[in-house]
Each structure stands twice: as structure tokens, then as C-alpha cells.
Amino acid sequence: MLFPDSLKMKKQRRILVVRTDRLGDVVLATPLFRALRQTFPDAFIAVMVQPYTRDVLRHNPHLDEIIVDDFNGADKGREGFWRQVKNLRRRRFNTALLLLPTERAAWMLFFAGIPLRVGVGTKLYSVLTFMKGVSRHKYIPLRHEADYCMDLGRKIGVQSNDLSTEVFLTDEERLSGKQILRDAGIEEEDTVIGFNVGSGNSAPNWAAERYGELAEYIIARTSTNVKIVYTDGTNQVSLPTNKRIIDLGAKLTLRNLINVLGNLALLFSSSTGPMHIAAGLKVPTVSIFSPLPACSPTLWGPKGNHSCILLPPEGYCQIRCPGDPKRCRLEELTVEQAATAIFETAAKLSERQNYHQGTKPPRNS
């Protein structure tokens, strides 16, 4: 018996997004998750990530499942590889987007029998696995990483250009973060500025001691209700002796870190995962960056929040930079410049809040 087209059962699109790299990279894939859900509202959408990044996607309403690939642990080697292939086969995916091109993932998706697979560039393994490719055209012109991720979605029909990132907290988790701060001696009326000192050698960054100098500078110039919280531990840094400077880093799991970030007035950091998490939570950020293409804020800047980017003076990278992002300390970005950016950002946000509350119009409105 023939049925009208309107009565035919359409095969469900089952989409797997693979992003098995670092925290910031995973956050920058969240605009794609949202766009996929908007484009394919009835699809089953899953993501595959490393174990330590899983919590950053908790409560994401656009995902039906988070799959963990512990390729350095429980899933490593041949046995782990074939176990993951079986896991994917059972889920009957018919579309896969490989945001981070790795040979392991390319062959995993191939042997899982996923008919439509889209990756980045043209590697030998992508040719051998018959994977469709999206070119980044040698990063000319340079675009944002979230936009490059969206290109893979565009390959299957996504049309969104909204690159704002998303990280989700429940009301209970936000209260949990507030309680962590309260237990550390922070009062309800305090203004909390977060410092994330490390970058995992993923981006140019100040020497850790400079963060301590900045903390002292800010504390000396602000009222007693301004507190500074180190969110990732200071390791070998000697914290200034001051009750208004608090080190929480060693005590925080990733999810607790996210809960705390959601309660900050502002986060100061280099280009790193917590910066992107803060942006996804719509927490304002002041961030130090290098203008070199591979480290540029054009490629890696925060998306979707109020942000301020600090760059070294023109010519620094060509003349005085060591040329290695892992060794670059952005020494010509001064403590005074960073403090000014933090104060100005806080002032703008305060004006905006007063304006919305009807108490004071913002300047230059």
C-alpha cells in the first residue's frame, strides 16, 4: 500500500560530533551544537569528548548524549579502539562531524559504519576512509575557531552565524559556587574578580608572579569589598599577604570551578579554557593575547560575553618576542595596563546595570 508523502516515516538523523581536545576547544563547539538542534530539531545529537572535558557540557539542552573516549586510559590501544567502534555502531549514527582531525577518530567513524562523515582538511587517512572534507584555506582570511567548527555543520545544511558560546548551570550549582566563595570568606555584597593564572602552555601568558603584582595593585586601589580569587591554584607563586586575596584553585573540581566562575564579576586570564567557560556563562572577561595568527584573538577570543582583549604594543612580536608561544611572557603588557582594563570594564558594566535599573544613564549613550 502506498502512503502520501506526509505520512511516510522519515529516517531520524543521528549526529555525532567529535571534539576530543581541550576545554576551550569543547566550549567553542557549543555554537555548533545549538545550530544543529535548531536545524534538525528531531535529530539525536551526541558528542564524543575526553573524560576531563565532559563536565563542561553538563546540562547542555542541545545534546542527547555525551560519549567519552578515554584514548589515553581505559579506551587506549587496539582493544579500546574496537570497543568504541562497537559502542558507536550500537547507536546507529548516520552523520559524524570530526572537528579535530585525528587518525584514530577517522578510522573509528569509518569502521562504525557512519555513512556521512565530515572532517577538516585532506589527510591521507581522511582520503582512505572516504571522508568529506572542509578546507580552512590556510586560515586566510583568519576567522574564529567557532566559525571554522560551524563550517562542518554548514556542510550538512546548518546556516547559523551565531558564534556565542554556552555553558549551563542549574540554580543549585550556582548556589553551590556561591557557597564555596562564602566558605572562603567572601560576603554576599563583595565584588569578586577571578584570576586564572595558568594556560597549560597552550597560549602566551604572563609569568605567574605578574598576577600577584596585579592583585596587589588592584587591592591597593579599591574598597574592602573587592576580593580577588585565584581559580586555578598559584603553584609556586607567593600570594600577597592579604585577606582579600584568596586561592581556591587547589580545592576545585572542574564542575566546582564552573560553579565559581558563574558567580564572578569578572575573570582575568590569558587565552585559556576557563576564559571560554566564563564567556559561555556570560561572565565578563579581560584577557591577554598575542597577535600572532596562531594565538590571535581573531581565532581564539571569547565569544558571547562582554570581553576586553589586551595585546602587546605594535612591533613586539616582530622584534622582541621569543617566537615560541610556550615561552612568550607578554612582558610589555604592564600591570598598570591590565588594571586599567579591569577598572574600565567594571565601570562600563556598572553603568550598564544602573541604566537597566533606571538609576543612571550610561555615558555616550
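First things first, this report covers the structure right here in the doc. (Residues numbered from 1 in each chain as written. Predicted model: local features only at pLDDT ≥ 70, side-chain atom pairs only at ≥ 80, totals over all residues. Heavy atoms only, no water.)

1. Let's talk about the pattern of salt bridges
Overall, the coordinates contain 22 salt bridges when judged by the stated rule. Of the charged contacts, one joins R34 and D162 as a salt bridge, the two residues approaching to 3.3 Å between their closest N and O atoms. A residue pair is termed long-range when its members are at least 10 positions apart, and R34 in helix α2 (residues 30-39) and D162 in the loop between α6 (145-154) and α7 (171-183) qualify at 128 residues. Residue class for R34 comes out buried when judged on its relative accessible area of 7%. With relative accessibility at 36%, the residue D162 sits in the partly exposed group. One salt bridge connects E213 with R210, and the closest N-O pair in it is separated by 3.9 Å. A residue pair is termed a helical-turn pair when its members lie 3 or 4 positions apart in one helix, as E213 and R210 do in helix α8 (residues 208-220) at three residues. Judged by relative accessible area, which is 42%, E213 ranks as partly exposed. Taking relative accessible area as the criterion, R210 reaches 15% and is therefore assigned buried. (Salt bridge = Lys/Arg side-chain N within 4 Å of Asp/Glu carboxyl O. Helix = DSSP H or I, 4+ residues; strand = E, 2+ residues; numbered from the N terminus. Buried < 20%, exposed > 50% of the residue type's maximum accessible area, 1.4 Å probe, protein only.)

2. Remarks on the sheet that holds strand β10 (residues 266-270)
Strand order in the open sheet formed by six strands is β9-β8-β7-β10-β11-β12, with parallel pairing between adjacent strands. Each having just a single partner strand, β9 (245-247) and β12 (307-310) make up the two edges of the open sheet. Shown here is a sheet whose adjacent strand axes are inclined to one another by a mean of 20 degrees, direction ignored. Contacts from α8 reach β7 (191-196), β8 (226-230), β9, β10 and β11 (285-288), with the element oriented near 170 degrees to β8. (Pairing = 2+ DSSP bridges. Axes fitted to C-alpha atoms, helices over the stretch in contact; angles between N-to-C directions. Contact = heavy atoms within 4.5 Å.)

3. Points about the side chain of H276
Mapped onto the fold, H276 is located in helix α10 (residues 273-280). Overall, the relative accessible area of 4% leaves H276 in the buried class. Contacts of H276, omitting those with residues within four sequence positions, involve G24, V27, L28, T165, W300, G301 and P302.

4. Observations regarding the nonpolar core
For soluble globular proteins, nonpolar side chains are generally found buried alongside one another. Formed by 53 residues in total, the largest nonpolar core has its most connected members in V17, L36, V56, L57 and I277. The element best represented in this core is helix α9 (residues 254-261), accounting for five residues. When neighbours within four sequence positions are excluded, I277 is seen to be in contact with L23, V27, V56, V167, L254, I258 and L261. Judged by nonpolar contacts, the second largest core, of 29 residues, contains W206, Y211, I218 and Y316. (Core = buried A, V, L, I, M, F, W, Y, C linked by side-chain atoms within 4.5 Å.)

5. Re the packing of α9 against α10
Where α9 meets α10, the closest approach of the two axes is 10 Å, and the angle between their N-to-C directions is 50 degrees. With respect to α10, the element α9 is oriented oblique. Of the two possible hands of crossing, α9 and α10 adopt the one that is right-handed. Within the contact between the two elements, α9 uses L254, L257, I258 and L261 and α10 uses P274, I277 and A278. Each residue belonging to the contact of α9 with α10 can be placed in one class, and the counts come to seven nonpolar, no polar and no charged. (Parallel < 35°, antiparallel > 145°, perpendicular 65-115°, else oblique. Left-handed = near helix turned anticlockwise from the far one by under 90°. Nonpolar A, V, L, I, M, F, W, Y, C, P; charged D, E, K, R; others polar.)

6. Focus: the packing of aromatic side chains
Applying the stated criterion to the full structure yields 14 aromatic pairs. Aromatic pair F81 and W82: ring centres 5.1 Å apart, planes at 85 degrees, arrangement edge-to-face. You can call F81 buried: its relative accessible area is 13%. Each residue in the set F81, W82, W107, F110 and F111 is aromatic and connected to the rest through ring pairs, giving one cluster. The aromatic ring of F40 is capped on one face by R13, whose charged end is 4.4 Å from the ring centroid. (Phe/Tyr/Trp six-rings, centres within 6.5 Å; stacked < 30°, edge-to-face > 60°. Lys NZ or Arg CZ within 6 Å of the ring centre and 35° of its normal.)

7. Let's talk about the sheet that holds strand β5 (residues 116-120)
Strand pairing in a sheet relies on backbone hydrogen bonds, with the paired strands running either antiparallel or parallel. Pairing is parallel across the open sheet formed by six strands, whose spatial order is β3-β2-β1-β4-β5-β6. Lying at the two open borders of the sheet, with one neighbouring strand each, are β3 (65-68) and β6 (132-134). Pairs of neighbouring strands in the sheet enclose a mean axial angle of 20 degrees, with direction left out of account. Relative to strand β4 (residues 95-98), strand β1 (residues 14-18) runs parallel, the two sharing four bridges. Bridging across to β4, V17 finds its partner in L97. Along the sheet face, α2 touches β1, β2 (44-49) and β4 and points at about 170 degrees away from the line of β1.

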